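These are the residues of each chain, in order.
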Amino acid sequence: MSLYRDTGAVVARGIIPGATRVLRRVGSALLDTLLPPDCPSCHGDVDRAGHFCPACFRQLTFIADPCCTRCGQPFVSASFGGTRMICAPCEEAPPPWRAGRAALVYDDWSRCLVLGLKYGDRTELAPILATHMGRIGQSLLARADIVVPVPLHRGRLFRRRYNQAALLAWALARQAGIAVGPDLLVRVRSTAPLARLGRAARRDVLRGAIAIRPRRRDAIANRHVVLVDDVMTTGATLGECTRVLLAAGAASVDVLVAARAPAPDEPRHPEKSAASRERYAVAG
Ligand SMILES: [Zn+2]
Ligand SMILES: [Zn+2]
C-alpha cells in the first residue's frame, strides 16, 4: 500500500498492477519449469497446477443437479426429489440449515483426497477442493457475508496442527472474495465418533460441545453464514454448529462441504449419474 501511495494513484492503477501480473506469470512459468505441476491425486503430469489429470478426473464423482437442496445428496433423476428437490431423510427430519451442497460423492477416490488433507499434511489440496466447492456452492456463496469452518477441539488441533475445515474455509473465502471467521466457533468438548449412534444420541453427545467464541459474537449477528466442513455424513456436527450460529443471531446458515457420504442409516448413494457429471464438465 505504501508503494502505491508513494508513486501516485495513476501508477498504482495502471503500471504497477500490470507489472505485478506479468511478474506473477513469469514466476509461475519459472516455477512450472523447475517444479512441473502434478495431478493432486496420482501425481502424474498435468498442464496446470491444481488440475486433475483426465484419468483421475473421470474417477471423481462430482455432484451436480439433480441433488437434495438441503443436504446435497445426489439423485439418480429429478423425480427422486419431488417438487421441492428434497431427499426423504431431509423431508422426515429437516436439517436446521437453509441449504446444503457438496462437491463430491465420498467414495474411494474422494476419500484419498479428503484423508490426505485431514491426516496426511497435504494442505495443498485445500484450495483445489475449495475450487470445486466454490463452483457447486456458487449460489450459497453469492448470498453469504462470511464463511465459517466447523471447529476442531484443541487437543485434536494440537495433534493435527491445523483444522482442515478452516483451510477449506480460508481458500473458499479468498476465492469468493468474502470474509472468513476461522475462530468464530469453538469446540469446547471433544466428542466420540457419531456415525454409529442414532439421531437422538448424536444430539445428546453434541449438546454443549460447540459454542461461539464470546468476544466474536458481534461478527455473527445478522450475518448470512456459509458453514464449511470436509465431509458431511450424518450432518449432526454441522447441525449443532448451525443451531449455535442461529442462536447467536446469524440471519441464515447454509452448508458447503467437500464430500457427501451417506449416513449409516441412510440408503446407499445411488449409482453414479453420468448425465450429472457431463453437466458439470470442468476440465480438471
Ligand atoms: Zn491423476
Ligand atoms: Zn437431503
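Residues numbered from 1 in each chain as written. Chains lettered and ligands numbered in written order. Predicted model: local features only at pLDDT ≥ 70, side-chain atom pairs only at ≥ 80, totals over all residues.

Draft legend 1. Expanded view of the overall build of the chain. Looking only at helices and strands, the chain has 13 helices and seven strands in total. A sequence separation of at least 24 residues applies to 72% of the contacts in the chain between residues at least 6 apart. (Helix = DSSP H or I, 4+ residues; strand = E, 2+ residues; numbered from the N terminus. Contact = placed C-beta atoms within 7 Å.)

Draft legend 2. Examining the pairing of strand E6 (residues 224–232) more closely. Counting buried residues along E6, eight of its nine residues qualify, which places the element largely inside the surrounding structure. Of the strand pairs in this sheet, E6 and strand E7 (residues 252–260) are connected by eight bridges, and their pairing is parallel. Looking across to E7, one finds that Asp229 is bridged to Val257. (Buried ≥ 20, exposed ≤ 12 C-beta atoms within 10 Å, placed from the backbone. Pairing = 2+ DSSP bridges.)

Draft legend 3. Summary view of helix H12 (residues 236–247). The first and last C-alpha atoms of H12 sit 16 Å apart over twelve residues, in line with the 16 Å expected at 1.5 Å per residue. Of the residues making up H12, those classed as buried are Ala236, Thr237, Leu238, Gly239, Glu240, Cys241, Thr242, Val244 and Leu245. Buried residues in H12 make contact with strand E4 (185–187), helix H11 (199–206), strand E5 (210–212), E6 and E7. Following H12 by one or two positions, Gly249 has its phi on the positive side, about 105°. (Expected span 1.5 Å × (residues − 1).)

Draft legend 4. Here's a closer look at the packing of H11 against H12. Between H11 and H12, the least distance of the axes is 10 Å, while the angle of their chain directions is 50°. Relative to H12, the element H11 lies oblique. As for how H11 packs across H12, the hand of that crossing is right-handed. Of the residues in H12, those in contact with Arg202, Arg203 and Leu206 of H11 are Ala236, Thr237 and Glu240. The residue makeup of the contact of H11 with H12, split by class, is two nonpolar, one polar and three charged. (Axes fitted to C-alpha atoms, helices over the stretch in contact; angles between N-to-C directions. Parallel < 35°, antiparallel > 145°, perpendicular 65-115°, else oblique. Left-handed = near helix turned anticlockwise from the far one by under 90°. Nonpolar A, V, L, I, M, F, W, Y, C, P; charged D, E, K, R; others polar.)

Draft legend 5. Focus on the packing of helix H6 (residues 108–119) against helix H7 (residues 125–136). Between H6 and H7, the shortest axis-to-axis distance is 10 Å and the interhelical angle comes to 135°. The orientation of H6 relative to H7 falls into the category oblique. Between H6 and H7 the crossing geometry is left-handed. Along its contact with H6, which presents Leu113, Gly116 and Leu117, the element H7 presents Leu125, Ala126 and Leu129. When grouped by side-chain class, the residues that make up the contact of H6 with H7 number five nonpolar, one polar and no charged.

Draft legend 6. Just the environment of Leu238, in detail. Inspection of the secondary structure puts Leu238 in helix H12. On a C-alpha basis, the gap between Leu238 and Val150 in space is 7.1 Å, while along the polypeptide they are 88 residues apart. Those residues in contact with Leu238 that sit more than four places away from it in its chain are Trp97, Val150, Leu227, Asp229, Met232 and Val255.

Draft legend 7. Layout of the confidence of the model for the chain. The share of residues in the chain with pLDDT of 70 or more is 80%, and the mean pLDDT across the chain is 83. Predicted confidence is poor over residues 267–284, with pLDDT under 50, and the contacts of this stretch with residues over four places away or in other chains come to 25 contacts. (pLDDT = per-residue confidence, 0-100.)

Draft legend 8. The sheet that holds strand E1 (residues 100–105), seen in detail. Here we have five strands laid out as an open sheet, ordered E1-E7-E6-E2-E3, and parallel in their pairing. Of all strands in the sheet, those bounded by a partner on one side alone are E1 and strand E3 (179–180). Along the sheet, H7 contacts E1 and E7; its crossing angle with E1, the most-contacted strand, is approximately 135°.

Draft legend 9. Structural detail: the nonpolar core. Counting residues in each nonpolar core, the largest one holds 70 residues, and the members touching the most others are Leu129, Leu168, Leu227, Val228 and Ala259. Per element, the largest residue contribution to this core is nine residues, and it comes from helix H10 (residues 164–176). Leu129 has contacts with Ala103, Leu113, Leu117, Leu168 and Ala258, leaving out every residue within four places of it along the chain. (Core = buried A, V, L, I, M, F, W, Y, C linked by C-beta atoms within 7 Å.)

Draft legend 10. Region of the structure containing the environment of Gly82. If you trace the backbone, Gly82 turns up in the loop between helix H4 (54–59) and helix H5 (88–92). Gly82 sits in the exposed class, given 12 other C-beta atoms within 10 Å. Each C-alpha atom of the pair Gly82 and Cys68 lies 9.8 Å from the other, and the pair is 14 residues apart in sequence.

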